[in-house]
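Close look at the chain arrangement
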Amino acid sequence: MRIYLDEGFRCHVSPGVGLTAVETDLFEGKAPEAVAGYRYIPAGKRWVREDGRVFSGEMAAPWKPWAELDAAQRAYERTRNEELTAAMAEMVEEVYRRDMAEME
Amino acid sequence: MGQCFLYGNGGSAGWRVAVGLTEPGAPRENMLWVKSDRAGGKYVFAETEPEPPPEGLIWFRVSSMGIITRADVYADGAWAAADAYMYLTGSWVRIAAALVYLIRGGDQCANVTGGWKGVRYYWSASLPGGVPSVTWAEDGVSVTASGTAAGSLLVTEKPIDVTQYGALLIQCESASDQVMCQLSTDTGDLFKAGQAASVSLTAGTASLDLSALSGQYYVGIQPRAQKKVKIRQILLK
């Protein structure tokens, strides 16, 4: 998955001015709104927190409150499940129609 | 770490609580000492966060059984964990720690973690992972993933409350590439789905930022296929 990082290693899901594109599989299956609440430090890079503690990559951790990201993720999964269920129902209906047409 | 059983709550129970960075002079039996230069004279025993906390308030977190599990001091608008001791039979016994260990050498820190177990790392139905080889020794734990691509997981039996901690520190003696430490809201085959934060491990100390995380998480070490890691200690700070 391609994401875009700002100077503070905060994730963005779309390209923009001053953002660096990176590839990672750590966010596979995550909602775009949830990904945008993460900080991702690529391997070989370092980030210094306000209190001076140094974090080295590869690391992914939320910078927005987790509850907010978790809610976005759950809503995303609900929508995706509903879409999949609808698509499967349509496929079953289509097969049924075809079978009926052949029988006739 | 010792455990202390308390019955009742609030500051009226007659507990003597001393604060400061050095041991109190003339201690008495059952006296409590909070090692902090930010703590004031007021304290509370409670399961949940007291609101609104005044500056310097000491919060002794107690379980429903009345066991002190942690001591926090409210300073500069935030709670910070502190070491706390009780004077028992003539010596100071630590009953709560500013640092919480999840692995300390060969100690699985079961009072916090519930112990650790090796399980498969379930990536998907087509990549189900396998159970690792796990060896506990005096100086740490060695984990070798199974041969399947998704790899394996060494995970805590219980979720751990990371609220109020700023970082998870993982000290490794050695680590292959593709070994991660991860926090997840779920365990078993749902561990990956509930993944909240992760950091790659190398020889030395890795740090995972917890500043935006609150609540309870399972902590897992995930080496991918046939990768190895030896962990000396894991702690919350």
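**Quick look at the overall build of chain B**
Scanning chain B from N- to C-terminus turns up one helix and 19 strands. Looking at chain B residue by residue over its 237 residues, the buried ones come to 39%. Summarising the internal contacts of chain B: among those between residues at least 6 apart in sequence, 60% fall at separations of at least 24.

**Points about the overall build of chain A**
What chain A contains, in helices and strands, is two helices and seven strands. Along chain A, from the amino end to the carboxyl end, the secondary structure elements read β-β-β-α-β-β-β-β-α. Each of the three principal axes of chain A carries a C-alpha extent, and together these read 75 × 25 × 25 Å. Considering only contacts within chain A whose residues lie at least 6 apart along the sequence, 40% involve residues at least 24 apart.

**Considerations on the interface of chain B and chain A**
Tallying the contact residues gives 14 residues for chain B and 16 residues for chain A. The biggest single contributor to the side of chain B that touches chain A is strand 16 (residues 195-200) of chain B, with five residues. Each residue belonging to the side of chain B that touches chain A can be placed in one class, and the counts come to eight nonpolar, five polar and one charged.

**A few points about the nonpolar core**
Nonpolar side chains in soluble globular proteins generally cluster together in the buried interior. All names here are of chain B. Leu 102, Ile 170, Cys 181, Leu 201, Leu 208, Val 229 and Ile 231 are the most contacted members of the largest nonpolar core, which has 56 residues in total. When residues no more than four places from it in sequence are discounted, the contact partners of Cys 181 are Ile 170, Ser 198, Val 199, Leu 201, Ala 206, Leu 208 and Ile 221. Leu 32, Ala 39, Phe 45 and Trp 59 belong to the second-largest nonpolar core, a separate cluster that totals 23 residues.

**Structural notes on helix 2 (residues 66-103) of chain A**
An α-helical turn contains 3.6 residues, so any two residues separated by three or four positions project in the same direction. Between its terminal C-alpha atoms helix 2 of chain A stretches 55 Å, which fits the 56 Å expected from 38 residues at 1.5 Å a residue. The element helix 2 of chain A is largely exposed, with a buried count of three among its 38 residues. Within helix 2 of chain A the residues assigned to the buried category are Trp 66, Leu 69 and Gln 73 of chain A. Next to the buried residues of helix 2 of chain A lie helix 1 (32-35) and strand 7 (59-62) of chain A together with strand 16 of chain B.

**Topic: the sheet that holds strand 2 (residues 11-12) of chain A**
Overall, antiparallel pairing links the three strands, which are arranged 2-1-3 (chain A) in an open sheet. Edge strands, defined here as strands with exactly one partner in the open sheet, are strand 2 and strand 3 (20-23) of chain A.

**Some words on the domain arrangement of chain B**
By a widely used convention, the size of an interface equals the accessible area lost when the partners come together. Per the domain assignment, the segments making up chain B are domain 1 (11-96) and domain 2 (100-236). With centres defined by C-alpha atoms, the gap from domain 1 of chain B to domain 2 of chain B works out at 31 Å.

**Remarks on the pairing of strand 16 of chain B**
Along any regular strand the residues' side chains alternate between the sheet's two faces. The sheet contact formed by strand 7 of chain A and strand 16 of chain B spans two bridges and is antiparallel. Following the sheet pairing, Met 59 of chain A is matched in strand 16 of chain B by Val 199 of chain B. Where strand 15 (residues 179-184) of chain B meets strand 16 of chain B, five bridges bridge the pair, whose relative direction is antiparallel. Directly across from Ser 184 of chain B, in strand 16 of chain B, lies its bridge partner Gln 195 of chain B.

**Remarks on the confidence of the model for chain B**
On average, residues of chain B score 89 in pLDDT, and 94% of them reach the 70 mark or higher. Segment residues 1-12 of chain B is flagged for pLDDT under 50; beyond a separation of four residues in sequence, or across chains, it makes 28 contacts in the model.

**Some details on unusual backbone geometry**
Glycine aside, negative phi is the norm for most residues, and most peptide bonds take the trans geometry. The residue after Gly 57 of chain A, namely Glu 58 of chain A, is reached through a cis peptide bond having omega 10 degrees. For Glu 58 of chain A, the position within the fold is in the loop between strand 6 (54-56) and strand 7. The peptide bond linking Glu 51 of chain B to Pro 52 of chain B adopts the cis configuration, its omega dihedral lying at -15 degrees. Looking at the secondary structure, you find Pro 52 of chain B in the loop between strand 3 (43-46) and strand 4 (58-62). Although it is not a glycine, Asn 30 of chain B adopts a positive phi angle of roughly 70 degrees.

**Examining the pairing of strand 19 (residues 228-236) of chain B**
Residue and element names in this part refer to chain B. Here four bridges tie strand 8 (residues 100-104) to strand 19, and the two strands are oriented antiparallel to one another. Within strand 19, the position partnered with Ile 103 by the bridge is Ile 234. Pairing analysis gives four bridges linking strand 11 (residues 140-144) to strand 19, with the strands arranged antiparallel. For Val 141, the partnering residue across the bridge sits in strand 19 and is Ile 231. Of the strand pairs in this sheet, strand 14 (residues 167-175) and strand 19 are connected by seven bridges, and their pairing is antiparallel. Of the residues in strand 19, the one forming a bridge with Gln 171 is Gln 233.

**Focus on the environment of Thr 163 of chain B**
Residues and elements named next belong to chain B. With respect to the element layout, Thr 163 can be found in the loop between strand 13 (160-161) and strand 14. Among the residues examined, Thr 163 registers 11 C-beta atoms within 10 Å and is labelled exposed. Along the backbone, Thr 163 and Gly 151 are twelve residues apart, and their C-alpha atoms lie at a distance of 29 Å. Not counting residues within four places of it along the chain, the set of residues in contact with Thr 163 comprises Ser 214 and Gly 215.

**Brief notes about the environment of Trp 66 of chain A**
As for its position among the elements, Trp 66 of chain A is in helix 2. Sequence-wise, Trp 66 of chain A and Ala 34 of chain A are 32 residues apart; in three dimensions their C-alpha atoms are separated by 9.0 Å. Contacts of Trp 66 of chain A, omitting those with residues within four sequence positions, involve Ala 196, Ala 212, Leu 213, Ser 214 and Gly 215 of chain B.

What counts, and where the lines are drawn
- Residues numbered from 1 in each chain as written.
- Chains lettered and ligands numbered in written order.
- Predicted model: local features only at pLDDT ≥ 70, side-chain atom pairs only at ≥ 80, totals over all residues.
- Helix = DSSP H or I, 4+ residues; strand = E, 2+ residues; numbered from the N terminus.
- Buried ≥ 20, exposed ≤ 12 C-beta atoms within 10 Å, placed from the backbone.
- Contact = placed C-beta atoms within 7 Å.
- Nonpolar A, V, L, I, M, F, W, Y, C, P; charged D, E, K, R; others polar.
- Core = buried A, V, L, I, M, F, W, Y, C linked by C-beta atoms within 7 Å.
- Expected span 1.5 Å × (residues − 1).
- Pairing = 2+ DSSP bridges.
- Domains from an automatic or database assignment.
- pLDDT = per-residue confidence, 0-100.

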